Amino acid sequence: MKIDLTDTTSSKINAALMEARRASGSTAAGMVLTLVIVTDEGSAYDALKAANDASREHPSRTLAVIKRAGRSPRARAETRLDAEILVGTDAGSGETVVLRMHGELAAHAQSVVLPLLLPDAPVVVWWPENAPLHPAQDPLGSIAQRRITDAVTAESPVGQLAQRAQSYTPGDTDLAWTRITGWRSMLAAALDQRPSQVTAAVVEGESYNPSVELLGLWLHNRLHVPVERVVTGGPGITAVHLRTKDGDITLDRPDGLMGTLSMPGSPDRQVALKRRETSELIAEELRRLDPDDIYATAVRTPVERLHEPANAETAAAEKAAQDVVAEAAVANPARVTAKVLDEPPTTAESAPAKKAPAKRATKKAGS
């Protein structure tokens, strides 16, 4: 059922919702939360579709706030509220109200939204794009228990993480963090299955992807090891390597569909790591309404903590060189020790310090 209301008020919208519910034969609301989507006309369709799909798991009243302040002085002077009400199969398992606010009303969206909130139910606010700098201080964000942003839609996605760290308030979260849930689960399960001392980690993924950075920061915080960031062509995160004394634990996903988990002494296994739709991400976030302390710790860690080589080719060349030295050390430890220590010094100050040990190592090798 679809109802259009032009130049209306919040009370008239509430009355229309009650009438639509009675007409459909359901007198009880049966919804668990209110989801407020702050968007524009360009992103409204995709955001509403994702919210409707997520409502099948979390029946909710969805309020889409579309601000249309107007470009001309005449349009800005015209204050009007138009509403589009969707109930039944058109709104998933809940109710959807699209609120188009014209003129000065766009600056006071909370005055329209407050009377439409479900009583005694949690409120979640989601900005698919153009999130405010301080979500918790936003008039709509201040009435919510959870505030969802998406750094990947920002002009500088990785730089947006610094802003999220600066403005973090308990209850904030970002879909860039939600996208790495599968990776975090798989890596944690791999270390539970094969407990090993991790000495370093490498995260590979496409450039300007905040999920890659957040995964590296999470590994740095939880394992207390240096993490290297390698840029690849994507899609998204392509691989994670955990360095251990027994070998690398590798989770590789080159195509964005299936991943391969490799562990020393175990056969490779295929794992499900498909890139998820926005509706699945929103449904996951709606499962918990308490603050995410792990996300807070990760996003507050400066991105500069990640070591990033010039490119993936440089990292591969360095790793190949290390493998050659390691193989040579196994074949002839004395020769490799002498060769490494006999390398020319990089600075004038370090030349005497390196020259003396080299001679002693060579003498010992010959004896």
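For the structure itself, consult the block above.
Residues numbered from 1 in each chain as written. Predicted model: local features only at pLDDT ≥ 70, side-chain atom pairs only at ≥ 80, totals over all residues. Heavy atoms only, no water.

**Focus: the sheet that holds strand 14 (residues 269-272)**
In step 1: If you trace the six strands from one edge of the open sheet to the other, you get 10-9-11-12-13-14, paired in mixed fashion. A single partner strand is all that each edge strand has here, and the edge strands are strand 10 (227-232) and strand 14. Across the sheet, the mean angle from the axis of one strand to that of its neighbour is 20 degrees, orientation sign disregarded.
In step 2: Its contacts with the sheet put helix 7 (residues 181-193) on strand 9 (198-206), strand 11 (237-244), strand 12 (247-252), strand 13 (258-262) and strand 14, and the angle it makes with strand 11 is roughly 25 degrees. (Pairing = 2+ DSSP bridges. Helix = DSSP H or I, 4+ residues; strand = E, 2+ residues; numbered from the N terminus. Axes fitted to C-alpha atoms, helices over the stretch in contact; angles between N-to-C directions. Contact = heavy atoms within 4.5 Å.)

**Notes on the packing of helix 7 against helix 8 (residues 210-223)**
In step 1: Here helix 7 crosses helix 8 at 30 degrees, and the two axes come no closer than 11 Å. For the pair helix 7 and helix 8, the sense of crossing is right-handed. On the side of helix 7, the interface is formed by Trp 183, Arg 184, Leu 187 and Leu 191, while helix 8 contributes Leu 215, Trp 218, Leu 219 and Leu 223.
In step 2: Across the contact of helix 7 with helix 8, the residue classes tally to seven nonpolar, no polar and one charged. (Left-handed = near helix turned anticlockwise from the far one by under 90°. Nonpolar A, V, L, I, M, F, W, Y, C, P; charged D, E, K, R; others polar.)

**What about the side chain of Thr 96?**
In step 1: With respect to the helices, strands and loops of the structure, Thr 96 is situated in strand 5 (residues 95-102).
In step 2: Of note is the side chain of Thr 96, whose polar atom sits 3.2 Å from the side chain of Asn 52. (Polar contact = N/O pair within 3.5 Å; in protein donor to acceptor, adjacent residues only side chain to side chain.)

**Observations regarding the nonpolar core**
In step 1: Formed by 35 residues in total, the largest nonpolar core has its most connected members in Leu 187, Leu 215, Leu 219, Val 240 and Leu 242.
In step 2: Secondary-structure elements contributing two or more residues to this core are helix 6 (175-178), helix 7, strand 9, helix 8, strand 11, strand 12 and helix 10 (293-299).
In step 3: If you tally residues by element for this core, the top one is helix 8, at six residues.
In step 4: In this view, Leu 219 contacts Leu 187, Ala 201, Val 203, His 224, Val 227, Val 240 and Leu 242; residues no more than four positions away in its chain are not counted. (Core = buried A, V, L, I, M, F, W, Y, C linked by side-chain atoms within 4.5 Å. Buried < 20%, exposed > 50% of the residue type's maximum accessible area, 1.4 Å probe, protein only.)

**Considerations on the sheet that holds strand 6 (residues 123-126)**
In step 1: A sheet is described by the order of its strands in space; here eight strands give the open sequence 1-4-5-3-2-6-7-8, paired in mixed fashion. Two strands bound the open sheet, and with one partner strand each, they are strand 1 (2-5) and strand 8 (172-174). Here the average twist between neighbouring strands, direction ignored, is 15 degrees.
In step 2: Pairing analysis gives three bridges linking strand 7 (residues 146-149) to strand 8, with the strands arranged parallel. Of the residues in strand 8, the one forming a bridge with Thr 149 is Asp 174.
In step 3: Sheet contacts for helix 1 (residues 10-23): strand 1, strand 3 (60-68), strand 4 (80-87) and strand 5; angle to strand 4, the most-contacted strand, approximately 15 degrees.

**Quick look at the packing of helix 5 (residues 157-166) against helix 8**
In step 1: Axis separation between helix 5 and helix 8 bottoms out at 8 Å; the angle between their running directions is 55 degrees. Judged on the interaxial angle alone, helix 8 and helix 5 are oblique. Here Pro 157, Val 158 and Leu 161 of helix 5 lie close against helix 8, whose contacting residues are Pro 210, Glu 213 and Leu 214.
In step 2: Split into classes, the residues belonging to the contact of helix 5 with helix 8 amount to five nonpolar, no polar and one charged. (Parallel < 35°, antiparallel > 145°, perpendicular 65-115°, else oblique.)

**Things to note about the layout of surface pockets**
In step 1: Size it by volume and the largest pocket reaches roughly 700 Å³.
In step 2: Contributing to the lining of the largest pocket are 34 residues, with Arg 179, Arg 276, Glu 277, Thr 278 and Leu 281 lying nearest its centre.
In step 3: Of all the secondary-structure elements, those providing two or more residues to the lining of the largest pocket are helix 2 (41-54), helix 7 and helix 9 (278-285).
In step 4: For the lining of the largest pocket, the element with the most residues is helix 2, which contributes six residues.
In step 5: Considered class by class, the residues forming the lining of the largest pocket number 14 nonpolar, eight polar and twelve charged. (1 Å grid on protein atoms, 1.4 Å probe; cavity = no way out; pocket = protein on both sides within 12 Å on 5 of 7 lines; lining within 4 Å. Points joined across faces, edges and corners; volume = space filled by probe spheres on them.)

**Description of unusual backbone geometry**
In step 1: The omega torsion across Gly 234 and Pro 235 is 5 degrees, close enough to zero to call that bond cis.
In step 2: Looking at the secondary structure, you find Pro 235 in the loop between strand 10 and strand 11.
In step 3: In the Ramachandran plot, Tyr 208 falls in the positive-phi region, its phi being about 60 degrees despite a non-glycine side chain.
In step 4: For Tyr 208, the position within the fold is in the loop between strand 9 and helix 8.

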